[in-house]
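# Analysis of the macromolecular model
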Amino acid sequence: MTKPTTAKPKTQRGMERRAQILAAAEQVIGEKGFADASIADITRAAQTALGTFYIYFSSKDEIFRELVHDMGHATRAQAKARIANATDRLEAERAGLEAYLSVVRDRPMQYRIVEEARFVAPEAYREYYTEFGKAYAEQLQQAAQKGEISPGDAEVRAWALMGIAKTLGERFVLWEEEEADIERVVTEAHKFICDGLAP
């Protein structure tokens, strides 16, 4: 993924201001879309001066890519924390899916930004999923070697499971008018992941 070109802030106040601008960008770009959102909109939402934006980001493109990177980090970090106490891979699958759906629920604007990156910043979009898929495949391969799951093509399995999570997030979290019943979705999906469709 394209790394930010501006320097990271060195003071606590600078880090807080940068985080404030990122949060405003998440909300503004998530609501308006990349094309219709302006840097002025972002700085207004962040309640900061236009010039302050350029201390931390060189352009709207850069902050957009940073948001995609941030979403990837947040998703992986939350999944890692949730699966840390899992006793085996199948239990980790359930915990990881619940973590992912929770991120979609809690940060819907970020999710929309990642989806828009497919067209606005395709290299960032591709790296977002490629990095996730690589780590996921490694975990599945290790689980197969331990006998926790059956042997198989870890890369194909990782992308198939990612596809399941992504689609469930759209249908049962983003598209729901009422609060998503994540427990119901996770329970049914996990049963399918463990047992498949065979009678």
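Our structure is the block above this text.
All values reported here derive from a predicted model rather than from experimental measurement.

Viewed as axis vectors pointing N to C, helix α6 (residues 108-120) and helix α8 (residues 154-174) meet at an angle of 135°, and their least axial separation amounts to 12 Å. Put simply, α6 runs oblique to α8. Both α6 and α8 take part in a crossing whose hand is left-handed. Packed against α6, whose contacting residues are Pro108, Tyr111, Arg112, Glu115 and Arg118, the element α8 presents Lys166, Glu170 and Leu174 at the interface. Per-class residue counts for the contact of α6 with α8 are three nonpolar, no polar and five charged.

Under the defined criterion, the tally for this structure stands at six aromatic pairs. When the centroid spacing of 5.6 Å and the interplanar angle of 40° are considered together, the rings of phenylalanine 53 and phenylalanine 57 count as tilted. A residue is classified by how much of its surface remains accessible, and phenylalanine 53, at 0% relative accessible area, is buried. Ring-pair connections join several aromatic residues into one group, and the members of that group are Phe53, Tyr54 and Phe57. Sitting over the face of the ring of phenylalanine 34, lysine 60 holds its NZ or CZ atom 4.3 Å from the ring centroid. A cation sits over an aromatic face here: arginine 171 above phenylalanine 172, 4.4 Å from the ring centre.

Relative to the helices and strands, arginine 18 resides in helix α1 (residues 12-32). Residue class for arginine 18 comes out buried when judged on its relative accessible area of 9%. Beyond its immediate chain neighbours, meaning those up to four positions away, arginine 18 contacts Lys8, Pro9, Tyr56, Phe57 and Glu66.

A few words on the environment of leucine 90. Relative to the helices and strands, leucine 90 is located in helix α5 (residues 89-106). Its relative accessible area of 31% is what places leucine 90 among the partly exposed residues. Considering only alpha carbons, one finds leucine 90 and isoleucine 193, 103 residues apart in sequence, at a separation of 8.4 Å. Residues within four places of leucine 90 in sequence aside, it is in contact with Glu148, Ile149, His190 and Cys194.

Calculation rules
Residues numbered from 1 in each chain as written. Predicted model: local features only at pLDDT ≥ 70, side-chain atom pairs only at ≥ 80, totals over all residues. Heavy atoms only, no water. Axes fitted to C-alpha atoms, helices over the stretch in contact; angles between N-to-C directions. Helix = DSSP H or I, 4+ residues; strand = E, 2+ residues; numbered from the N terminus. Parallel < 35°, antiparallel > 145°, perpendicular 65-115°, else oblique. Left-handed = near helix turned anticlockwise from the far one by under 90°. Contact = heavy atoms within 4.5 Å. Nonpolar A, V, L, I, M, F, W, Y, C, P; charged D, E, K, R; others polar. Phe/Tyr/Trp six-rings, centres within 6.5 Å; stacked < 30°, edge-to-face > 60°. Buried < 20%, exposed > 50% of the residue type's maximum accessible area, 1.4 Å probe, protein only. Lys NZ or Arg CZ within 6 Å of the ring centre and 35° of its normal.

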